[in-house]
Amino acid sequence: MLQQTQVSRVIGPWQKFLTKFPTPSACANAPLSTVVRSWSGLGYPRRAKALHDAAIMIRDDFGGEVPGEVDQLRRLPGVGEYTAHAIASFSFARPVAVLDTNVGRILSRALANRTLTASEARTMAKEVMGRGNSARFNQSMLDLGAQFCRAAPRCDICPVAGNCKWNLVGGADPAPRSAAVSRAQTPYVGSDRQLRGQVIAQLGNGARTKRQLFSALDGIDASRCDDILGGLVSDGLVQLRGRVVQLAGD
Ligand code: SF4
């Protein structure tokens, strides 16, 4: 829920989601359409499907318990390198380093002062973590990145400024093209992401004919609506029954 989404937008839906689905099995046992409706307002509905698929795998393959090892977590739909390492460290105290955009910026600026490849960044993240409490270390790195080593860095008040290579040596900012550092997002308004969210929101109120659905998406031409709908169908979020469109699982 938190990927590319502000905490303030996530808190409400997160609490409601956990009340409705207190365990992975509760989520797995619900129809996909119920899970997608509970995701309403968060955008990226494909993640709701990935979460539902992951809950089914946890129920069926892991006895209903979230696994604690990175390689097991990576098998879950929608769980990438970052999420697997974050869960293993924060929830299971495994000695693994978390590498996200914040950490990627710190490594390339403070330690390397050059752009890093993915394997260099992973190796460096592991080496700098050492053997102590991985959760505390990883949280410190995430906070350092979020509070100080941002895309526009706040070096004047940064607590590690005296040890930061880029700050001491200078030169072009190495972070933007370095591994794990995400690129700026395209604007949300008018994007396919926004339109996909609008289609899901419409169908959350019940099945629609294509004509009804497209007329509710005021001002969007029919061929673009068709493309968006086709994408949602191939993602398994929406199903077509003749002319009727509905959330998968309804
Ligand atoms: S001194 Fe600046 S570049 Fe270096 S870690 Fe701190 S915020 Fe990042």
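Residues numbered from 1 in each chain as written. Predicted model: local features only at pLDDT ≥ 70, side-chain atom pairs only at ≥ 80, totals over all residues.

(A) The sheet that holds strand β1 (residues 208–209), seen in detail. Taken in spatial order, the 3 strands make up an open sheet running β1-β3-β2, and their pairing is antiparallel. Pairing within the sheet leaves two strands with one partner each, and these edge strands are β1 and β2 (238–241). Examined bridge by bridge, β2 and strand β3 (residues 244–247) share 4 bridges and lie antiparallel to one another. Within β3, the residue paired with glutamine 239 across the bridge is glutamine 246. Along the sheet, helix α11 (residues 192–204) contacts β1, β2 and β3; its crossing angle with β3, the most-contacted strand, is approximately 95°. Set on the sheet, helix α13 (residues 222–234) makes contact with β2 and β3; between it and β2 the angle comes to about 105°. (Pairing = 2+ DSSP bridges. Helix = DSSP H or I, 4+ residues; strand = E, 2+ residues; numbered from the N terminus. Contact = placed C-beta atoms within 7 Å. Axes fitted to C-alpha atoms, helices over the stretch in contact; angles between N-to-C directions.)

(B) Expanded view of the site of the ligand. Inspection of the region around the ligand gives 14 residues, with Cys149, Pro153, Cys155, Cys158 and Cys164 positioned closest. A total of 3 residues in the shell around the ligand trace back to one element, the largest contributor, which is helix α7 (residues 101–112). Residue composition of the shell around the ligand, grouped by class: 11 nonpolar, 1 polar and 2 charged. (Near = placed C-beta within 6 Å. Nonpolar A, V, L, I, M, F, W, Y, C, P; charged D, E, K, R; others polar.)

(C) How the structure looks around the environment of glycine 219. Tracing the sequence through the fold places glycine 219 in the loop between α12 (210–216) and α13. The sequence separation of glycine 219 and proline 45 amounts to 174 residues, and the corresponding C-alpha distance is 22 Å.

(D) The arrangement of the environment of alanine 146 in detail. Secondary-structure assignment places alanine 146 in helix α9 (residues 134–147). For the pair alanine 146 and glutamine 202, spaced 56 residues apart in sequence, the C-alpha to C-alpha distance is 35 Å.

(E) Region of interest: the packing of α7 against α9. Look at α7 against α9: their axes get within 8 Å of each other, and the N-to-C directions meet at 85°. With respect to α9, the axis of α7 lies roughly perpendicular. On α9, the residues that touch Asn102, Val103, Arg105 and Ile106 of α7 are Met141, Leu142, Leu144, Gly145 and Ala146. (Parallel < 35°, antiparallel > 145°, perpendicular 65-115°, else oblique.)

(F) Quick peek at the domain arrangement of the protein. Domain annotation for the protein reports domain 1 (7–90), domain 2 (101–169) and domain 3 (192–247). Put simply, the middle of domain 1 and the middle of domain 3, counted by C-alpha atoms, are 24 Å apart. Contacts between domain 1 and domain 3 engage 8 residues on the former and 10 residues on the latter. Within the residue set of the side of domain 1 that touches domain 3, elements represented by two or more residues are α3 (32–38) and α4 (45–61). Residues belonging to the side of domain 1 that touches domain 3 are distributed by class as follows: 2 nonpolar, 3 polar and 3 charged. (Domains from an automatic or database assignment.)

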